[in-house]
Amino acid sequence: MPGTKDYVLADLINNETYLSGEKLSSKLNISRAAINTAVKALRADGYVIDSSTNKGYKLTEHPDKLNAGELLALLPEKRLDTITCLDTVTSTNKIAKDLCYDGAPAGTVVLANHQSAGKGRLGRSFISPPDTGIYLSYLLRPSLSPDKIATISTVTAWTAVAVCNAIENACGIRPEIKWVNDVLVNSMKICGILTEMFVETESGLITGIVIGIGINVNQKQTDFPPELQEIASSLSAQDGGTKFLRATIVAELIKELDRLAANWPHNASEYLAMYRSSCVTIGKEVDVVSVHTDSKDNARRGVAVAINEDFSIKVRFNDGHEENLSSGEVRVRGLYGYS
């Protein structure tokens, strides 16, 4: 839940001119002394706030922070009831899974400034340095039977579309998608998505899906390990060094995920159209690798022909036969330095 400091910050963000202590005190129903204490705490956090005896307070420098006050300035107050903002965690998906088991409601969000053990697909790690990226997990409560597992797999593709929409809304940059869930800018990966499903043992119902999203926002290209510098990048690095306020992207992302939750899985046509228009895999030569092996020697080569209505990918292999793939690793020749 937001505290006094968060409410004061939200009001300062949303006012371009000076805001009097009296007005703040009256609106928030707290003392002038409490307002002053909150302003001091915000200054200690790096916010530059000018104060004038006759005018009040004005935010003059807005650092890039992820906290409840930043989101309160951008989202309805009620929405923050199920958003948890943390500094450092092992993994936001782990926290979200624990909350899922504890009965957290649909739409619960876990947001962190840093992950010490971020996870990606196929057991890979996701590098999650502090103060530069967005690490967010979102809880769905679908209550579907296990025979709907094919439907569950579409969540990841829908999420890729939601991420692209959020980034475009917040930054004016429209990313692309490499099947199935890599989000790219200028052919460089700037986002990873990991979905995890939970089944109730007695009923067999799928009771929870945690969507984990990691977005590289303000990293410099040299911040990535040498082995990733030709594969991964950030929004800032691909936009000439522009520094983006992460909270703005987070707010747009939460709006898009709320929209996804309200529409999934029934209103697929809109998401399918956006996914197809954004997918860079179609028409490209690809190598298909089983999830059980990472060897290029075992890859099957072909051409990605189409995205099917269930978001699987149709590949025409070099021997002429076609397959619809819903899992596995599809590597695009010429992308990520893969040849």
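Residues numbered from 1 in each chain as written. Predicted model: local features only at pLDDT ≥ 70, side-chain atom pairs only at ≥ 80, totals over all residues. Heavy atoms only, no water.

### Considerations on the nonpolar core
Turning to step 1, where the next piece is worked out: Residues Leu136, Val163, Ile215, Leu235 and Tyr275 are the most contacted members of the largest nonpolar core, which totals 73 residues.
Turning to step 2, where the next piece is worked out: If you tally residues by element for this core, the top one is helix α7 (residues 154-171), at 11 residues.
Turning to step 3, where the next piece is worked out: If near-sequence neighbours (up to four positions away) are discounted, Ile215 is found in contact with Phe126, Gly133, Ile134, Val163, Ile167, Ile190, Cys191, Leu235, Ile249 and Leu253.
Turning to step 4, where the next piece is worked out: Judged by nonpolar contacts, the second largest core, of 14 residues, contains Val39, Tyr47, Tyr57 and Leu59. (Core = buried A, V, L, I, M, F, W, Y, C linked by side-chain atoms within 4.5 Å. Buried < 20%, exposed > 50% of the residue type's maximum accessible area, 1.4 Å probe, protein only. Helix = DSSP H or I, 4+ residues; strand = E, 2+ residues; numbered from the N terminus. Contact = heavy atoms within 4.5 Å.)

### Quick word on the pattern of salt bridges
Turning to step 1, where the next piece is worked out: The final tally for this structure, using the stated rule, is 16 salt bridges.
Turning to step 2, where the next piece is worked out: Close ionic contact of Lys78 with Asp81 constitutes a salt bridge, the shortest N to O distance being 3.0 Å.
Turning to step 3, where the next piece is worked out: With a relative accessible area of 66%, Lys78 lands in the exposed category.
Turning to step 4, where the next piece is worked out: We classify Asp81 as partly exposed; its relative accessible area is 36%.
Turning to step 5, where the next piece is worked out: A salt bridge links Arg333 to Glu285; the nearest nitrogen and oxygen atoms lie 2.9 Å apart. Within this pair, whereas Arg333 is found in the segment after β14 (329-332), its partner Glu285 is found in strand β10 (residues 285-289), the two being separated by 48 residues in sequence.
Turning to step 6, where the next piece is worked out: The exposure class assigned to Arg333 is partly exposed, which follows from its relative accessible area of 30%.
Turning to step 7, where the next piece is worked out: Given a relative accessible area of 36%, Glu285 falls into the partly exposed group.
Turning to step 8, where the next piece is worked out: Linked by salt bridges that have partners in common, Glu256, Arg259 and Glu270 make up one network. (Salt bridge = Lys/Arg side-chain N within 4 Å of Asp/Glu carboxyl O.)

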